[in-house]
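Commentary on secondary and tertiary structure
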Amino acid sequence: MDPKMTEVTQMFARFKAAYARNDLDACVTLLSQLKVHLTKFPSLPPSFQQTPNAVEELKLARDIYEHAVVLSVKLEDQDAFERDFCQLKPYYMDTCGIIPPSAEEYPILGLNLLRLLVQNRIAEFHTELELLPVKALEHPCIKHAVELEQSFMEGAYNRVLSARQAVPHETYVYFMDLLAKTVRDEIAGCSEKGYDSLSVSDAKQMLMFSSDQDLHEYITEEHPEWEITNGAVFFQKAKESQPCKEIPSLQLINQTLSYARELERIV
Amino acid sequence: MPEDVQMNDSEPQPAAPAPAAAAPALSTLHHLKEIATVIEAGSLSKEVRRISRAFRLTVALRRRLAARDVSAFLAFALPASSEAYGRLTALVPKEDDTEMDVDAASPATQISIKHGLPEIEIFCYLLVLIFLIDQKKYDEAKACANVSIARLKNLNRRTVDVLASRLYFYYSYVYELTNSLAEIRGNLLALHRMATLHHDELGQETLLNLLLRNYLHYNLYDQAEKLRSKAPRFEAHSNQQFCRYLFYLGKIRTIQLEYTDAKESLLQAARKAPTTARGFRIQCNKWAIIVRLLLGEIPERTVFMQKGMKKALTPYFELTNAVRVGDLELFRAVADKFASTFSADRTRNLIVRLRHNVIRTGLRNISISYSRISLADIAKKLRLDSENPIADAESIVAKAIRDGAIDATIDHANGWMVSKETGDVYSTNEPQIAFNSRIAFCLNMHNEAVKAMRFPPNSHKEKESAEKRRERLQQEEELAKHMAEEDDDDF
């Protein structure tokens, strides 16, 4: 093997050791060094030259990036995740013929889908989904993400929360926690419109708080317009339908003027 | 087509043989020679329209092309020593020279053309390429296409543009037929750059569409959108290219969840497409139906009953039925039954998204019919299968209320949903908004129609004879005097 390859492999071994003992700082420094070394290999994307070691180099590089992605989840750094995933993607998309598929491919793809869902980038979620072949949808990690998105869209939030218990992979836990927070906000929003009032215990259960104290804090922080009286939460219902609705005069004027202008144009 | 009306009187063909005249069955070779003369005339007088007309004539001949016709035409059109001749004749398969059609009228109509015109050369490439594709000889077609693209890169003449854009199209088509579209992506991008630099708008349009098609073939919606948003846009030169562009745009927008824009583009594409392009219109309609379902509106039955499309649209018809009824079981059954059709159309992921709409419609039906209904009953009616249907139903209903799909409140303690009275719609702003959108649409249509009207040039300048002109001048004088008098009177 080439001397550069051996050096990189050794550094990678040290990285894996540091990761195993949870020394995150060492991991980060080693990772940046590894990335610099990787730029010296011409067979990697975007140049994809054919060198004799191409297969080895591609496999190694892909391994490194996969670990980088998992590390960024541990560090709870979403931007790093996005960057590393962008670098990893060409390995999955374009190298299908050259190297055998990686075992971590589907879990990482599922992780990315989950991230997009949590950040509410639904359009990108669907675009990514289109890129996956049909058989990918059978894989539990991907299926998990897709079903989550469906439940989220439909509004069956309790299904989302119960899915948290059944994560297919331990790296998913971080995103599921974030998702739980988003779901809580959504439930609060829906409850506001849907219910006139809820008893405190019901509200606690729906918003998944463990104690009354948490519930009170949450309400005072996020929704100060809700009132808590007699052990029940009253949602804002003070805006009764206005008897005298205002006429949107500006809009009407604009519309009528545009009609007049267009009609004048008709010869 | 207006061009046809205009060109008929300036026909450059030497002795246009009347159909019933000397040779009853004019050979294809003769036609090809005529077309060559048209092209030559067009290139000499720099009129692009003649060349596009020539091409249309070729398309009419496509079916009757035989190998000997093509080789004879090549011998006629290209000087025997040129590279192009050598390459092209190598590609055309040799056939026995049986039954050469004799041009009975040929002595009188000796057609000859100037050799060495690049347009003729490109036309030959195009002809051979079309011939090879029709004969299903894809490898040779690929070789021919590669050679012609290489030749095109050296040319920069406006008159070649029309032929060049058709050549690009067939180039991409041949690669698509052999499933190797990814290889030419780089080439297409380079060609697009070249076309932009040469201000070749037709070429730009064609190449942009081909690139979009390339990306969408591999489901690379993200990259397609990036290209589309950055590429220069201008007035469409060709109706067919514009229709294609609208269709691809509609597809991209659908995947990106922008359903209103998608619906507009897809419906426009379906409307503008020529009636002969049935396959294209069927595809547009399929996607348009799904987008309308995703938007929550049910397409009318007449959409599915259009001529020639009934059979192809049957799966979508059943799907619409399931969504309209709001029945999840039926929806699941239909989706499974036609799964292969949907995968072939690549609409499978979109159908999955429809599940949410089915539930919404079901919920809307329930809320209109019941003033008060328990959540357990709702779960049963919607046939939500999950471990905890009541809690599911509750959150689904709450979300629907927040999104404004239904008008109701939930009573958690008693576990039921109470629908609100639907007030009088006419007392709100709804009718006015609906009217406004319709008025805007009609006015827009009117403006577009006015802009699209093309008058044949010189039609408004009648040939005024001398007397008429005198009369007119006299009238104008009188009028001027009259007006001058009036002014005096006022004083």
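Values in this document were obtained by computation on a predicted structure and should not be read as measured data.

1. Topic: empty space enclosed by the protein
All names here are of chain B. Summed over the entire model, instances satisfying the criterion amount to six cavities of 30 Å³ or more. The computed volume of the largest cavity comes to approximately 110 Å³. Every residue lining the largest cavity is counted, 14 residues in all, and those nearest its centre are Leu155, Asp161, Tyr168, His198 and Asp200. Where the lining of the largest cavity is concerned, the elements lending two or more residues are α8 (158-177) and α9 (185-197). At five residues, the largest contribution of residues to the lining of the largest cavity is made by α8. A per-class count over the lining of the largest cavity returns eight nonpolar, two polar and four charged. In this structure, the second largest cavity encloses a volume near 80 Å³. The wall of the second largest cavity is formed by His192, Gln204, Glu205, Leu208, Asn209, Pro232, Arg233, Phe234, Gln241, Phe242 and Tyr245. Sorting the residues of the lining of the second largest cavity by element identifies α10 (201-217) and α12 (239-255) as the ones contributing at least two each. A per-class count over the lining of the second largest cavity returns five nonpolar, four polar and two charged.

2. A look at the side chain of B:Asp327
Positionally, B:Asp327 belongs in the loop between α16 (314-325) and α17 (328-337). Apart from the residues lying within four places of it in its own chain, the contact partners of B:Asp327 are B:Ala322, B:Val358 and B:Arg383.

3. Regarding the domain arrangement of chain A
All names here are of chain A. Segmenting chain A into domains produces domain 1 (3-195) and domain 2 (196-239). The C-alpha-based centres of domain 1 and domain 2 are spaced at 37 Å. Of all residues in domain 1, Arg184, Glu192 and Tyr195 bury the most surface against domain 2, accounting for 60% of the area lost on that side. Counting across the domain 1 and domain 2 interface gives one residue pair in polar contact (both at pLDDT 80 or more). With nine residues, the top contributor of residues to the side of domain 1 that touches domain 2 is helix α9 (residues 173-194). Of the residues that constitute the side of domain 1 that touches domain 2, the class distribution is five nonpolar, two polar and four charged.

4. Considerations on helix α21 (residues 389-403) of chain B
Residue and element names in this part refer to chain B. Compared with the 21 Å implied by 1.5 Å per residue over 15 residues, the 21 Å span of α21 between its first and last C-alpha is a close match. Of all the positions in α21, only Asp392, Ala393, Glu394, Ser395, Ile396, Val397, Ala398, Lys399, Ala400 and Ile401 are classed as buried. Immediately beyond the C-terminal end of α21, within one or two residues, lies Gly404, with a positive phi of roughly 85 degrees.

5. Points about the packing of helix α2 (residues 28-45) of chain B against helix α6 (residues 118-134) of chain B
Two quantities define a packed helix pair, namely the angle between the axes and the distance from one axis to the other. Residue and element names in this part refer to chain B. Running from N to C, α2 and α6 cross one another at 140 degrees; their axes reach a closest spacing of 10 Å. What the angle tells us is that α2 and α6 run oblique. Between α2 and α6 lies a crossing of right-handed hand. Counting all contacts with α2, which are made through Leu32, Ile35, Ala36, Ile39, Glu40 and Ser43, the residues of α6 involved are Glu119, Ile120, Phe123 and Leu127. Its residues placed into classes, the contact of α2 with α6 shows seven nonpolar, one polar and two charged.

6. What about the packing of aromatic side chains?
Going through the model one piece at a time under the given rule, you end up with 13 aromatic pairs over all chains. A centroid spacing of 5.7 Å and a plane angle of 75 degrees characterise the contact between A:Phe81 and A:Phe175, whose relative ring orientation is edge-to-face. One end of the pair, A:Phe81, is in helix α4 (residues 78-94); the other, A:Phe175, is in helix α9, and 94 residues separate them in sequence. On the basis of relative accessibility, which here comes to 1%, the residue A:Phe81 falls in the buried class. Taking the relative accessible area as the measure of exposure, A:Phe175 reaches 1% and is therefore buried. Centre to centre, the rings of B:Phe169 and B:Tyr173 are 6.1 Å apart; their planes meet at 5 degrees, and the pair counts as stacked. Placement of the pair is B:Phe169 and B:Tyr173 together in helix α8, with a separation of four residues, close to one helical turn. Residue B:Phe169 is classed as partly exposed on the basis of its relative accessible area of 22%. We classify B:Tyr173 as partly exposed; its relative accessible area is 33%. Note that B:Arg372 overlies the ring of B:Trp416, its terminal NZ or CZ placed 4.4 Å from the centroid.

7. Some words on helix α12 (residues 249-265) of chain A
All names here are of chain A. In this model, α12 (17 residues) spans 25 Å end to end at C-alpha, consistent with the 24 Å of a helix rising 1.5 Å per residue. For α12, the set of buried residues is Gln255, Tyr259 and Glu262. An end-on view of α12 places all buried positions within 70 degrees of arc, on one side of the element. Pointing more than 90 degrees away from the buried face of α12 are the exposed residues Leu250, Leu257 and Glu264.

8. Points about the pattern of salt bridges
Taken as a whole and assessed by the stated rule, the structure comprises 24 salt bridges over all chains. Between A:Glu262 and A:Arg265 there is a salt bridge, with the nearest N and O atoms lying 3.6 Å from each other. With A:Glu262 and A:Arg265 both in helix α12 and three residues apart, the pair spans about one turn of that helix. When the shortest N-O distance is used, the salt bridge between B:Arg228 and B:Glu225 registers 3.3 Å. A residue pair is termed a helical-turn pair when its members lie 3 or 4 positions apart in one helix, as B:Arg228 and B:Glu225 do in helix α11 (residues 221-230) at three residues. For the pair formed by B:Arg228 and B:Glu225, the shared burial category is buried. Taken together, the shared-partner salt bridges connect A:Glu82, A:Arg115, A:Arg121 and A:Glu124 into one network.

9. Some words on the domain arrangement of chain B
What the domain assignment lists for chain B is domain 1 (28-93 + 115-180) and domain 2 (370-422). Averaged C-alpha coordinates put domain 1 of chain B and domain 2 of chain B at centres separated by 66 Å.

10. Looking at unusual backbone geometry
Residue and element names in this part refer to chain B. Backbone geometry places Asn179, a non-glycine residue, at a positive phi of 60 degrees. Mapped onto the elements of the fold, Asn179 is located in the loop between α8 and α9. Relative accessible area serves as the criterion here: at 60%, Asn179 is assigned to the exposed category. Here the phi dihedral of Leu257 falls at roughly 70 degrees; this positive angle occurs in a residue that is not glycine. Residue placement: Leu257 occurs in the loop between α12 and α13 (259-272).

11. Here we look at the sheet that holds strand β3 (residues 416-419) of chain B
Residues and elements named next belong to chain B. Pairing in this open sheet of three strands is antiparallel, and the strands run β1-β3-β2 from one edge to the other. Lying at the two open borders of the sheet, with one neighbouring strand each, are β1 (372-374) and β2 (408-411). This sheet shows a mean twist of 20 degrees between the axes of neighbouring strands, independent of strand direction. The pairing of β1 with β3 spans three bridges and is classified as antiparallel.

The rules behind each value
Residues numbered from 1 in each chain as written. Chains lettered and ligands numbered in written order. Predicted model: local features only at pLDDT ≥ 70, side-chain atom pairs only at ≥ 80, totals over all residues. Heavy atoms only, no water. 1 Å grid on protein atoms, 1.4 Å probe; cavity = no way out; pocket = protein on both sides within 12 Å on 5 of 7 lines; lining within 4 Å. Points joined across faces, edges and corners; volume = space filled by probe spheres on them. Helix = DSSP H or I, 4+ residues; strand = E, 2+ residues; numbered from the N terminus. Nonpolar A, V, L, I, M, F, W, Y, C, P; charged D, E, K, R; others polar. Contact = heavy atoms within 4.5 Å. Domains from an automatic or database assignment. Buried area = accessible area lost by both parts, 1.4 Å probe. Polar contact = N/O pair within 3.5 Å; in protein donor to acceptor, adjacent residues only side chain to side chain. Expected span 1.5 Å × (residues − 1). Buried < 20%, exposed > 50% of the residue type's maximum accessible area, 1.4 Å probe, protein only. Axes fitted to C-alpha atoms, helices over the stretch in contact; angles between N-to-C directions. Parallel < 35°, antiparallel > 145°, perpendicular 65-115°, else oblique. Left-handed = near helix turned anticlockwise from the far one by under 90°. Phe/Tyr/Trp six-rings, centres within 6.5 Å; stacked < 30°, edge-to-face > 60°. Lys NZ or Arg CZ within 6 Å of the ring centre and 35° of its normal. Arc of directions from axis to C-beta. Salt bridge = Lys/Arg side-chain N within 4 Å of Asp/Glu carboxyl O. Pairing = 2+ DSSP bridges.

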